[in-house]
Amino acid sequence: MDKNKIKLKLQELRRISKKTQKEVAINVGIAETAYQRYEYGNQIPNACIATVIAYTLGSTVEEIWGNNIHKLTK
């Protein structure tokens with residue numbers, strides 16, 4: 001998966017939702033530093049965390065992972 005595309009999408013969705021990184025982390029139930037790892041491109045959230053992040057940001061896992069999700073099924 002392309003960490004850079006995922007981090008940019010997370011940053012964009014969070015800005016649109018007008019939430020802070022801390023607010024997203026609290027809503028997801030993870031530490032703020034854990035969420036920052038995703039948004040800085042250091043780590044990719046697993047499917048469970050990505051689902052909750054997507055819901056928190058009013059999005060979907062497919063939108064966050066983009067075309068990368070198709071690479072997982074091949």
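Look a little higher up for the structure.
To start, this report covers the structure provided alongside it. (Residues numbered from 1 in each chain as written. Predicted model: local features only at pLDDT ≥ 70, side-chain atom pairs only at ≥ 80, totals over all residues. Heavy atoms only, no water.)

Before going further, it helps to spend a moment on the overall build of the chain. A tally of helices and strands in the chain yields 6 helices and 0 strands. Secondary structure elements of the chain, listed N to C terminal, follow the sequence α-α-α-α-α-α. Taken over 74 residues, the chain has a buried fraction of 38%. Long-range contacts, defined as pairs at least 24 residues apart, comprise 49% of the intrachain contacts of the chain with a sequence gap of at least 6. Accessible surface, the chain as shown: approximately 4700 Å² in total, 52% of it carbon and sulfur. (Helix = DSSP H or I, 4+ residues; strand = E, 2+ residues; numbered from the N terminus. Buried < 20%, exposed > 50% of the residue type's maximum accessible area, 1.4 Å probe, protein only. Contact = heavy atoms within 4.5 Å. Areas by Shrake-Rupley, 256 points an atom, 1.4 Å probe, with all protein chains shown as cover.)

With that settled, consider the packing of helix α1 (residues 3-17) against helix α3 (residues 32-39). Direction vectors running N to C along α1 and α3 enclose 120°, while the axes themselves pass 7 Å from each other. By the angle between their directions, the pair α1 and α3 is classed as oblique. The segment α1 lies against α3, with Lys-7, Leu-10, Gln-11 and Arg-14 engaging Tyr-35, Tyr-38 and Glu-39. Of the residues contributing to the contact of α1 with α3, the split by class is 3 nonpolar, 1 polar and 3 charged. (Axes fitted to C-alpha atoms, helices over the stretch in contact; angles between N-to-C directions. Parallel < 35°, antiparallel > 145°, perpendicular 65-115°, else oblique. Nonpolar A, V, L, I, M, F, W, Y, C, P; charged D, E, K, R; others polar.)

Another aspect to go through is the side chain of Gln-21. Note that Gln-21 resides in helix α2 (residues 21-28). Beyond its immediate stretch of four places on either side in the chain, Gln-21 contacts Arg-14, Glu-32, Tyr-35, Gln-36, Glu-39 and Tyr-40.

Turning next to the side chain of Ser-59. Within the fold, Ser-59 resides in the loop between α4 (47-56) and α5 (61-65). Using a relative accessible area of 14% as the deciding quantity, one classes Ser-59 as buried. Beyond its immediate stretch of four places on either side in the chain, Ser-59 contacts Leu-13, Ala-54 and Ile-64.

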